[in-house]
Amino acid sequence: MYIGVFVFVGHLSLHRHKQKVGKEGQVLHRSKRGWVWNQFFVIEEYTGPDPVLVGRLHSDVDSGDGNIKYILSGEGAGTIFVIDDKTGNIHATKTLDREEQAQYTLTAQAVARDTNKPLEPPSEFIVKVQDINDNPPEFPHGPYYARVPEMSNVGTSVLQVTATDADDPTYGNSARLVYSILQGQPYFSVEPQTGIIRTALPNMDREARQEYDVVIQAKDMGGHMGGLSGTTEVKITLTDVNDNPPKFPQSVYSMSVSEDKVAGEEVGRLKAKDPDLGDNGLVNYRLIDGDGINMFELTTDSETREAVIKLKKMVDFETKRSYTLKVEGSNPHIDPQFLAWGPYKDEATIKISVEDADEPPVFIASSYTFEVEENAPPGTPVGRVHAKDTDVANNPVRYMIPRYTDVEQFFSINAEDGMITTTKPLDRETQPWHNISVSATEIGGHHQDTKVRVNIKVKDVNDNPPEFATNNEVLMCETVAPGKVIETLSAVDKDEMAYRQHFTFNLAPEVAHNHNFSLKDNRDSTASIYVLRKGFSRLTQDVYYLPIEINDNGIPAMSSTNTLTIRVCSCDSKDTILSCNVEPYVLPAGLSTGALIAILACIVILLAIVVLFVALRRQKKEPLIVFEEEDIRENIITYDDEGGGEEDTEAFDIATLQVRVRGRDIKPELQYPIRPGIGRPAANSVDVDDFIKTRIAEADSDPTAPPYDSIQIYGYEGRGSLAGSLSSLESVTTESDLDYDYLQSWGPRFKKLADLYGTKDFHAN
């Protein structure tokens, strides 16, 4: 490898001196720089054993005596680039890579070696790294994925790939790239300069091969020998077009269906194959011919895209045992580009055989309607049903009436011949129609049965007499004029009216010659009631009963006597009815009787509520009476103050110990004088225990006494009492000379207290 060393030597230039007077009158001279250079070059990726000489610096002030020192600074100075400070030679100590840094800017200066005083102004220079072909091409966006329609023409553009080279495109051919295909021929090609991939073969079929792996190479140095290269992979997928017609795998399909299948049940399936995808492979089916086109129908399964043959009507093995259908499958989406490759449809024949099944009997008619007269005696024939076994075996049939269709069992049927008869008389007016079912079951086989509807009409017989159409009373004014029609009668009959049949009306024989009313038959199934006299008074007679005979003229004729009620009423001058009762119809002005009764009832209820409330209040104020032993309780009332003697006006009153007997207070008749200072009772005092027992017995026998005792406790010592203090609140802490022996004379109730104090005194001694 040739390595060039460039040496730039500064040339002494002409000096122009400009005088300048200094502070002390000294003349200063500015000399022009005496050395210059432009730039150095160094080859990248040099791997020799010695540092590369980049160039040499030399100043014209350097006389070669070694008094000048060269200094180098800037990018890479001291690390990448070093300088011999005596000779000015610059060397590169490391391998350089142009792709990392293309140039370096350095500064050189010549100084005096002994004083480091600059002899020349600093000057910059550039070291450029000279490029070599050391970087192969790269595809930054690889690998690539592309799609192209199948059956595309030769030269159809698929994809453009682009490679990059890190070498200097301005220097030599290091970055000049050329594309070529290494894998994917003869199906695809690539343009050398642009990297555009194109189809190279016609009629590439996706159904034969869908994906292709192509390898593209990019080589620098213009593709010449010695150039570096890089590759990338391109996965090319052929997309689908509708270039294949549907095809049935078979030309003839065989199916079967049992005659007991109902309409809508599936018979079989078939599917035409189309290797195309999506809408291109979609197939529509239809029936185009065959003798079974009216017995079967075709639908398409939306998920499996199969043609589904279904039963449209029930088939009968005994009538026809086989059918033929012709099915067409076609593509609904056809690409005009490939229209000449058609037709895009196919046909297939389906042969369907009908299988015999053990069918239930079949009635001759889908339903039956019979008539029978009402009131016919039991056993009267109604009609006959007939069913037969249509199977080849032709088994006999038995008949029955399901009870749930004839709950009251009006009918029965002969199991052998299907004759229906009555079991009891029928009433048309109660139920004009009877709707029952008859079941026919074949004997033998699978005992299958079938049912038929039988409608039985009950024919009318004239067995009901006519009667008034309405039972309303006839209201007549007292002042009615003779000859006036007060009512027009009409009649109804529960039986059916025959043609030209009508009702006739007559007064009953017992009133045929009455002097009050007459009847006229209008011969149109109505009659008019006339008044014969005047002077009716409701006070004399307010109601008249007029019996009338009605005849229906049927066969046989039926008649009945109905009573017409005529009520006499009070009317005004305009014949407006005011009252039809004996008492006045309108009450005097004021409240009605009903309103008065309602008000009185409310008053009575309010009084009852008040009395009940007062009684409950009084009951709550009565003293508590103990009725059960379990309810006995005691109330202990505690006071936190000590009785204060006579000076204490708020002390407890002895009256609380009084016992109520028979509604009056009983106080102790004896009082017990207390010796001052001692608190001992007199020698002749009554025994307190006996007194308390007496009072307890009286209280227990008194039914009005409260069921509890009251005990008062004082919490402080009283002062000013002439009787002295009975409290031990102070005596327990001070020496006391009181004698408590008198407590022994109070009886057993105070024995505990006497022992307590007596014992204390004993121990104190």
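The rules we used
Residues numbered from 1 in each chain as written. Predicted model: local features only at pLDDT ≥ 70, side-chain atom pairs only at ≥ 80, totals over all residues. Heavy atoms only, no water. Salt bridge = Lys/Arg side-chain N within 4 Å of Asp/Glu carboxyl O. Buried < 20%, exposed > 50% of the residue type's maximum accessible area, 1.4 Å probe, protein only. Helix = DSSP H or I, 4+ residues; strand = E, 2+ residues; numbered from the N terminus. Contact = heavy atoms within 4.5 Å. Pairing = 2+ DSSP bridges. Axes fitted to C-alpha atoms, helices over the stretch in contact; angles between N-to-C directions. UniProt positions renumbered as here; feature names shortened; annotations may be inferred. Expected span 1.5 Å × (residues − 1). Arc of directions from axis to C-beta. Disulfide = S-S within 2.5 Å. Polar contact = N/O pair within 3.5 Å; in protein donor to acceptor, adjacent residues only side chain to side chain. Patch = residues over 30% accessible without salt bridge, like charges linked within 9 Å, V, L, I, M, F, W, Y side chains within 5 Å. Areas by Shrake-Rupley, 256 points an atom, 1.4 Å probe, with all protein chains shown as cover. pLDDT = per-residue confidence, 0-100.

Undergrad: Sorry if this is basic, but what is going on with the pattern of salt bridges here?
TA: Opposite charge on two side chains permits them to pair, given that their charged atoms come into close proximity. Inspection of every chain in the model, using the stated rule, returns 22 salt bridges. Between R198 and E191 there is a salt bridge, and its shortest N-O distance comes to 2.9 Å. By relative accessible area, which is 25% here, R198 ends up partly exposed. According to the relative accessible area criterion, E191 is partly exposed, its value standing at 25%. A salt bridge links R384 to D417; its shortest N-O distance comes to 3.6 Å. With R384 in strand β26 (residues 381-384) and D417 in the loop between β29 (411-413) and β30 (419-422), the pair connects residues that are 33 residues apart, well separated along the chain. Taking relative accessible area as the criterion, R384 reaches 46% and is therefore assigned partly exposed. Taken together, the shared-partner salt bridges in this structure form one network comprising E266, R269, D301 and E306.

Undergrad: Would you take a moment to explain the side chain of S528 for this structure?
TA: Here S528 shows up in strand β38 (residues 526-531). Each residue touching S528, except ones within four places of it in the same chain, is listed here: V485, E487, T488, S518, L519, K520 and N522.

Undergrad: What exactly am I supposed to notice about the environment of T299 here?
TA: Turning to its location among the elements, T299 is positioned in strand β20 (residues 296-300). Relative accessible area serves as the criterion here: at 30%, T299 is assigned to the partly exposed category. Sequence-wise, T299 and Y285 are 14 residues apart; in three dimensions their C-alpha atoms are separated by 7.7 Å.

Undergrad: Honestly, the sheet that holds β30 in this entry has me stumped. Any pointers?
TA: Sheets are built from strands that pair by backbone hydrogen bonding, the pairs being arranged parallel or antiparallel. Here 3 strands make up an open sheet; going across it, the order is β26-β30-β29 and the pairing antiparallel. Two strands in the sheet have a free side with no partner beyond their single neighbour: β26 and β29. On average, each strand axis in the sheet is inclined to that of its neighbour by 25°, with strand direction left out of account.

Undergrad: What should I look at first to understand the environment of V154 in this one?
TA: If you trace the backbone, V154 turns up in the loop between β10 (144-149) and β11 (157-160). Not counting residues within four places of it along the chain, the set of residues in contact with V154 comprises T199, A200, L201 and P202.

Undergrad: Would you explain the pairing of β30 in this entry?
TA: The two faces of the sheet receive side chains in turn, since in a regular strand these alternate between them. Here β26 pairs with β30 via 3 bridges, running antiparallel. Paired with R384 across the two strands is M419, which belongs to β30. Where β29 lies against β30, 3 bridges are found, and the strand directions are antiparallel. Along β30, the bridge assignment pairs F411 with T422.

Undergrad: Hey, could you run me through the UniProt feature "transmembrane region" (unreviewed entry) in the chain in this one?
TA: Following the UniProt record, one finds the feature "transmembrane region" (unreviewed entry) at residues 595-616. Between the first and last C-alpha atoms of residues 595-616 the distance is 32 Å; the span itself is 100% helix and 0% strand.

Undergrad: In this structure, what is going on with the pairing of β10? I would like to understand it.
TA: Of the two faces of β10, only the one carrying Y144, A146 and V148 is buried; Y145, R147 and P149 on the other face are not. Inspection of the sheet shows β10 paired to strand β16 (residues 229-239) by 6 bridges, in the parallel sense. Note that in β16 the partner of Y144 across the bridge is V234.

Undergrad: Would you mind going over helix α2 (residues 688-701) with me for this structure?
TA: An α-helical segment advances 3.6 residues per turn. Residues three or four places apart therefore align on the same side. With 14 residues, α2 ought to run about 20 Å at 1.5 Å a step, and its terminal C-alpha atoms sit 20 Å apart, in line with that. Burial in α2 covers these residues: V688, D689 and R695. Within α2, the buried residues cover an arc of 130° as seen down the axis, which keeps them to one side.

Undergrad: I would appreciate a short explanation of the state of the cysteines in the present structure.
TA: For the structure on display, the rule yields 2 disulfides. A sulfur-sulfur distance of 2.0 Å marks the disulfide that ties C477 to C571. The disulfide joining C477 to C571 has a torsion of about -90° about its S-S bond and is therefore left-handed. Residue C477 is located in strand β34 (residues 474-477), and its partner C571 is located in strand β40 (residues 559-571); the two are separated by 94 residues in the primary sequence.

Undergrad: I'm lost on the side chain of N464 in this one. Help?
TA: One can find N464 in the loop between β32 (449-459) and β33 (467-468). Note on N464: relative accessible area 16%, which makes it buried. Of note is the side chain of N464, whose polar atom sits 2.8 Å from the side chain of D463. Setting aside anything within four residues of it in sequence, one finds N464 in contact with E429, D493, K494, D495, D552 and M558.

Undergrad: What's the story with a nonpolar patch on the surface in this structure? I'm lost.
TA: On the surface, a cluster of nonpolar side chains totalling about 470 Å² of accessible area is made up of L596, I599, L600, I603 and L607. Topologically, L596 is positioned in helix α1 (residues 593-621). Overall, L596 belongs to the partly exposed group, its relative accessible area being 42%.

Undergrad: Sorry if this is basic, but what is going on with the confidence of the model for the chain here?
TA: Do not read the predicted coordinates in detail wherever pLDDT is low. Residues with a pLDDT of 70 or more make up 78% of the chain, whose mean pLDDT is 79. This stretch, residues 624-634, has a pLDDT under 50; its non-local contacts, to residues over four places away or in other chains, come to 7 contacts. Below pLDDT 50 for its whole length, residues 646-685 participates in 53 contacts with residues either more than four positions away or in separate chains.

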